[in-house]
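An overview of the molecular structure
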Amino acid sequence: MPTFDTNAFNAAADALATAGSWLAQRDWTPATSSNFSARLDAAHAAITVSGRDKGALGRDDIMVVDFAGQPVGSTRRSSAETLLHTQLYRRDAAIGCVLHTHSRVQTIASRLYAPERRVRLEGYEL
């Protein structure tokens, strides 16, 4: 028996799927990059399963974690950045969701001011 409200989970999963589709249409979250979550209650969040195409999310692509980042009722793996999400929820009860994107443009821009002043693309998921 889940320790979270399944109706809240379904609503959050649907909202995250809609957000993922919207962001993907704008090329702000290509393929499996990025991760999204939504607060379910004072101790749980719905979060994207690792390795899922964020532009084609459904309820099966979302899972529940507690605020320690541990899966609840699942053996699937959430994003490597799960603890960034759950730390935000623990720090501020007003935070309702986190949409953490990795757009190509911003990923490249973040590297433009490297000490060697050149863009080197390596070790990226995409």
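Refer to the structure above for everything that follows.
First, a word on what this report is: a plain description of the structure on this page.

What counts as what
- Residues numbered from 1 in each chain as written.
- Predicted model: local features only at pLDDT ≥ 70, side-chain atom pairs only at ≥ 80, totals over all residues.
- Heavy atoms only, no water.
- Buried < 20%, exposed > 50% of the residue type's maximum accessible area, 1.4 Å probe, protein only.
- Helix = DSSP H or I, 4+ residues; strand = E, 2+ residues; numbered from the N terminus.
- Pairing = 2+ DSSP bridges.
- Axes fitted to C-alpha atoms, helices over the stretch in contact; angles between N-to-C directions.
- Contact = heavy atoms within 4.5 Å.

**Focus: the pairing of strand 2 (residues 44-48)**
Buried residues dominate strand 2, accounting for five of its five residues. Burial along strand 2 is two-sided: the face carrying His44, Ala46 and Thr48 and the face carrying Ala45 and Ile47 are both buried. One ladder, built from three bridges, connects strand 1 (residues 35-39) with strand 2; its direction is antiparallel. Within strand 2, the residue paired with Arg39 across the bridge is Ala45. Between strand 1 and strand 2, which pair antiparallel one after the other, the connecting turn spans four residues.

**Some details on the sheet that holds strand 4 (residues 97-100)**
One open sheet holds the four strands; their spatial order is 3-2-1-4, and the pairing between them is antiparallel. Edge strands, defined here as strands with exactly one partner in the open sheet, are strand 3 (62-66) and strand 4. Mean inter-strand twist for the sheet, computed between neighbouring axes without regard to direction, equals 20 degrees. Where helix 1 (residues 6-25) meets the sheet, its contacts fall on strand 1, strand 2, strand 3 and strand 4, and the angle it forms with strand 1 comes to roughly 145 degrees.

**So, unusual backbone geometry**
Positive phi values are uncommon outside glycine, yet Asp27 reaches one of about 60 degrees. Take Asp27: it is sitting in the loop between helix 1 and strand 1. Note on Asp27: relative accessible area 39%, which makes it partly exposed. You will see that Ser34, though not glycine, has its phi angle at about 75 degrees, which is positive. Within the fold, Ser34 resides in the loop between helix 1 and strand 1.

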